[in-house]
Amino acid sequence: MTNRIDNGTQQVSDNGAEEEIYDIEPLEVPAAISVHDLADLMMTTPVEVIKEFMRTGHMYSINDVVQHDVVSVIAPAFGFEVLSQEAATRPGSIVLSMDEEDPSQLVARPPVVTILGHVDHGKTTLLDTIRKSNVVSGEAGGITQHIGAYQVKSNGHVITFLDTPGHAAFTAMRARGAQVTDIAILVVAADDGIMPQTEEAIDHVKAAGVPIVVAINKVDRPDADTERVKRQLAEHDLLIEEWGGNVISASVSALTGEGVPELLESIIIVSEVEELKANPHALAKGVVVEARRDKSRGTETTMLVQNGTLKVGDNLVIGTLRGRIRAMFTDRGEAIESAGPSQPVVILGMTGLPEAGHIFQVVADEREARQVVESRQRQADMQKSSGPTLEDVHTRIESGEIKGLNLIVKTDVQGSVEAIKGALNNLNTDRTRVNLVHAASGSITESDILLAVASQAIVIGFNSTPEQAAQAFANQEGVEIRHYSIIYNLLDDVELALTGLLEPVYQDVVEGRATVRAIFKVGRRQEVAGFYVNEGRFARDSKVHVLRGREQLYVGTLTSLKHFKDDVREVATGLEGGLMVDGFNSFEEGDTLEAHRSVRVS
């Protein structure tokens with residue numbers, strides 16, 4: 001067997017034979033991987049991998065997909081130790097730990113700040129006021145362009161501001177793996193107080209575990225009541241310093257500029273406490289803030305450097321896209337050659353349009369960039385994200401993967417929110433905990449699903465239904481939505497989930513219908529049915545029901561699915577294909593075929 005050898009040493013076994021001992025290296029493996037790709041990953045041949053699988057009682061061919069736990073059984077034979085799925089799939093972050101960096105190389109970096117709050121409470125005005133009065137490098141002739149991120153200087157300290165449209169964008173970045181913000185500014189109007197969107201912003205920031213600085217805005221208004229705002233903040237577990245808490249607050253007027261210098265000073269104080277550091281000498285890594293296409297310049301990508309120094313000419317990988325930096329500009333539109341930690345820049349040179357929140361990293365050369373992208377594309381094809389479910393929450397708690405059950409609750413009326421909150425809190429014990437990430441009245445929105453992805457939460461709808469786009473998004477991201485109309489049923493299911501006793505309920509659904517148009521003999525006994533899909537789709541894992549008239553003749557699994565001569569994963573509406581059903585060889589032209597799938601409904 002051809003094993004990967006690193007500094008191998010000899011030892012004598014019990015029977016006197018010499019054995020080779022290999023250094024064990026950590027290996028990141030996705031939830032599922034093909035035998036061929038696994039061989040590439042372990043730097044050996046598919047034949048050797050298949051042989052090792054056979055030795056452990058597993059029969060696989062070169063194109064078969066293998067699960068993570070099975071790979072961990074054979075990896076030691078090739079000198080590797082498979083990392084746990086949690087470690088292998090941990091999302092990247094703009095606020096990453098610097099533990100792996102050389103401490104002598106770390107330097108202080110500017111804080112990255114996001115401003116959140118209710119729609120009419122003055123977020124945009126406050127950002128404009130800060131920008132106009134404190135722009136870094138504000139020499140004459142600089143062309144200011146809106147790039148979604150910019151830097152200001154206050155008392156010799158630089159602060160980076162992210163201009164996101166709201167808490168949904170803030171959470172979208174987290175959901176895609178980027179914890180972008182170091183400090184969140186919560187804007188609350190002194191005349192309005194805390195509003196529903198303010199409550200949502202608070203829940204989103206708390207879920208991110210980000211320090212909060214409260215800006216009580218519009219203090220110049222005659223009906224401003226800052227004391228009422230402070231009371232409301234306390235009701236949401238945000239106790240400001242003058243009330244004995246640890247949340248810094250500042251009274252400001254975004255319109256006149258009153259209190260803005262004090263707000264900036266508060267941001268600097270919080271950032272110093274956080275001790276934000278980065279290594280400017282490393283290969284650059286960071287996050288995409290936004291991207292757009294320009295008719296003359298091509299793809300313009302706004303990025304925030306997290307670690308290292310980004311340079312013109314660097315080869316970049318962003319998700320499954322790659323590129324080479326042709327030019328780089330500041331938020332003032334000035335061309336620059338390099339950018340350090342916490343600096344926002346616009347770059348030209350990406351081959352596609354990256355999504356906000358995706359992590360970028362610099363690689364050595366174009367060849368490495370191509371290899372990384374191809375590997376990620378293969379993993380993306382094999383993996384689908386899947387969030388936690390009520391059925392598996394107990395197992396995850398017991399294994400230490402999660403510390404409690406994260407829930408997002410949406411109800412039909414506000415009165416139900418408080419009742420459910422209190423009832424769920426009563427379920428907390430020393431060993432298990434229900435964490436209400438967000439609870440509010442109204443329909444289930446895309447913002448709720450984003451928050452569920454970012455915080456690994458389950459969405460509970462109490463007499464509340466998801467919007468159409470939200471349901472589609474939940475299906476795409478693997479977020480579970482549970483529906484209840486009786487509070488006792490909701491509580492019973494949560495309690496059973498925490499004790500590991502909740503069983504899933506499945507429902508059979510018809511995914512596709514087709515008509516048999518021809519029959520082909522394969523060998524002596526087997527038949528292939530040539531079919532046309534009238535609606536829906538037929539997939540490799542479908543259960544096929546064979547009907548003749550109104551009579552159901554047979555139910556079986558697919559053993560083969562082809563489109564012309566090619567093996568395919570599915571055949572969709574309007575296409576022709578051929579299939580074989582395990583154990584059935586009596587097709588007739590005109591037979592109806594139905595593709596069924598078992599779908600969990602609760």
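Residues numbered from 1 in each chain as written. Predicted model: local features only at pLDDT ≥ 70, side-chain atom pairs only at ≥ 80, totals over all residues. Heavy atoms only, no water.

**Some points on the overall build of the protein chain**
The helix and strand inventory of the protein chain stands at 15 helices and 34 strands. Classification of the 602 residues of the protein chain by burial places 46% in the buried group. Pairs at least 24 residues apart make up 70% of the contacts formed inside the protein chain by residues separated by at least 6 positions. Roughly 29900 Å² of accessible area belongs to the protein chain as shown, and the carbon and sulfur atoms make up 47% of that amount. (Helix = DSSP H or I, 4+ residues; strand = E, 2+ residues; numbered from the N terminus. Buried < 20%, exposed > 50% of the residue type's maximum accessible area, 1.4 Å probe, protein only. Contact = heavy atoms within 4.5 Å. Areas by Shrake-Rupley, 256 points an atom, 1.4 Å probe, with all protein chains shown as cover.)

**What about the side chain of Asp 591?**
Examined against the element boundaries, Asp 591 turns out to sit in the loop between strand 33 (576–581) and strand 34 (592–600). Note on Asp 591: relative accessible area 2%, which makes it buried.

**Notes on the environment of Leu 451**
Note on placement: Leu 451 falls in helix 13 (residues 446–455). By relative accessible area, Leu 451 is classed as buried at 0%. Residues Leu 451 and His 204, 247 residues apart in the sequence, show an inter-C-alpha distance of 6.9 Å.

**A few points about helix 13**
For helix 13, a buried count of nine out of ten residues is recorded, marking the element as mostly surrounded by other parts of the structure. All of the buried residues along helix 13 are Ser 447, Asp 448, Ile 449, Leu 450, Leu 451, Ala 452, Val 453, Ala 454 and Ser 455.

**Remarks on the nonpolar core**
By size, the foremost hydrophobic cluster in this structure holds 24 residues, and its most contacted members are Leu 126, Ile 159, Phe 161, Ile 185, Leu 263 and Ile 267. Elements supplying a minimum of two residues to this core: strand 8 (112–117), helix 5 (123–134), strand 9 (149–154), strand 10 (157–162), strand 11 (183–189), strand 12 (212–217), strand 13 (248–251) and helix 9 (260–274). No other element matches the six residues that helix 9 contributes to this core. Contact partners of Phe 161, with chain neighbours within four places excluded, come to Val 113, Ile 115, Leu 127, Ile 130, Gly 148, Ala 149, Tyr 150, Val 152, Leu 264 and Ile 267. Counting residues in each nonpolar core, the second largest holds 20 residues, with Val 409, Ile 458, Leu 491 and Ala 497 among its members. (Core = buried A, V, L, I, M, F, W, Y, C linked by side-chain atoms within 4.5 Å.)

**Some thoughts on the sheet that holds strand 22 (residues 359–363)**
If you trace the six strands once around the closed barrel, you get 15-16-21-19-18-22, paired in antiparallel fashion. Geometrically, the sheet is characterised by an average inter-axis angle of 45° between neighbouring strands, direction not taken into account. With four bridges joining them, strand 19 (residues 321–329) and strand 21 (residues 344–350) adopt antiparallel strand pairing. By the bridge assignment for strand 21, Gly 323 is matched with Met 350. (Pairing = 2+ DSSP bridges. Axes fitted to C-alpha atoms, helices over the stretch in contact; angles between N-to-C directions.)

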